[in-house]
Amino acid sequence: MLVLTPFRNSALTWAQHLISYLPPSITSVENFPRFVSEYSLPEGATDKLVEDRDKYPPDHVETFRGNIDDGFRCGVKVTRKTAKMFAEFYQADVILASPLGLRTSIEKDGCVRVSLGPFLLCALPPSPGDRVRADTSP
């Protein structure tokens, strides 16, 4: 499963929800403390949006608070007894990525192949047609 999120803070929230829905048979989540530290604000950093919350609209604060790095990808592997963050990208069951992080992977590898059970997701490099702008003005 591919989950695209714009920022690391959104990926962290999504991962926390994913973990809360794992079945009771999964007793541990490997590398989760590392995931939290890398996808949260760096230690000692303050979130100015949260401090000056009255200066910004609530939806702006909700979207842009926390770690807003937009170049990341992380594989999550789920087995019967454990879940593992930072799993091998091509062997992951779930991929958390930003559009920029996924695009970087595509440009680096030429084609990202991700095994999704019996399916294969192959994201090909963008064609020139994806940059065409439809201009309907005379």
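Structural data are supplied above this passage.
Everything quoted here is computed from the prediction, not taken from an experiment. (Residues numbered from 1 in each chain as written. Predicted model: local features only at pLDDT ≥ 70, side-chain atom pairs only at ≥ 80, totals over all residues. Heavy atoms only, no water.)

1. Points about the sheet that holds strand β5 (residues 94-97)
- Spatial ordering of the open sheet is given by β1-β5-β3-β4-β2, a layout of 5 strands whose pairing is mixed. Each end of this open sheet is capped by a strand with a single partner; those strands are β1 (2-4) and β2 (28-30). Neighbouring strand axes in the sheet, compared pairwise and without regard to direction, differ in orientation by 20° on average.
- In this structure, β1 lies alongside β5, joined through 3 bridges in parallel fashion. Considered in β5, the bridge of V3 is made with L96.
- Relative to the sheet, helix α1 (residues 8-20) contacts β1, β2, β3 (73-78), β4 (82-87) and β5, its axis offset from that of β5 by approximately 155°.
- In the packing of helix α2 (residues 32-39) onto the sheet, contacts are made with β2, β3, β4 and β5, and the angle to β4 comes to roughly 40°. (Pairing = 2+ DSSP bridges. Helix = DSSP H or I, 4+ residues; strand = E, 2+ residues; numbered from the N terminus. Axes fitted to C-alpha atoms, helices over the stretch in contact; angles between N-to-C directions. Contact = heavy atoms within 4.5 Å.)

2. Considering the layout of surface pockets
- For the largest pocket, the calculated volume is near 240 Å³.
- Around the largest pocket, the lining is made up of 15 residues, and of these N9, S10, T13, R65 and G66 lie nearest the centre.
- Looking at the lining of the largest pocket, the elements with two or more residues in it are α1 and α4 (58-64).
- Examining the composition of the lining of the largest pocket, we find that 5 residues originate from one element, α1, more than from any other.
- Considered class by class, the residues forming the lining of the largest pocket number 4 nonpolar, 8 polar and 3 charged. (1 Å grid on protein atoms, 1.4 Å probe; cavity = no way out; pocket = protein on both sides within 12 Å on 5 of 7 lines; lining within 4 Å. Points joined across faces, edges and corners; volume = space filled by probe spheres on them. Nonpolar A, V, L, I, M, F, W, Y, C, P; charged D, E, K, R; others polar.)

3. Concerning the pattern of salt bridges
- All chains considered together, the criterion is met by 4 salt bridges.
- One salt bridge in this structure joins D69 and R8, with 2.6 Å as the shortest N-O distance. Of the two residues, D69 sits in the loop between α4 and β3 while R8 sits in helix α1, which places them 61 residues apart along the sequence.
- Across the pair E62 and R65 runs a salt bridge, and its minimum N-O distance is 3.1 Å. (Salt bridge = Lys/Arg side-chain N within 4 Å of Asp/Glu carboxyl O.)

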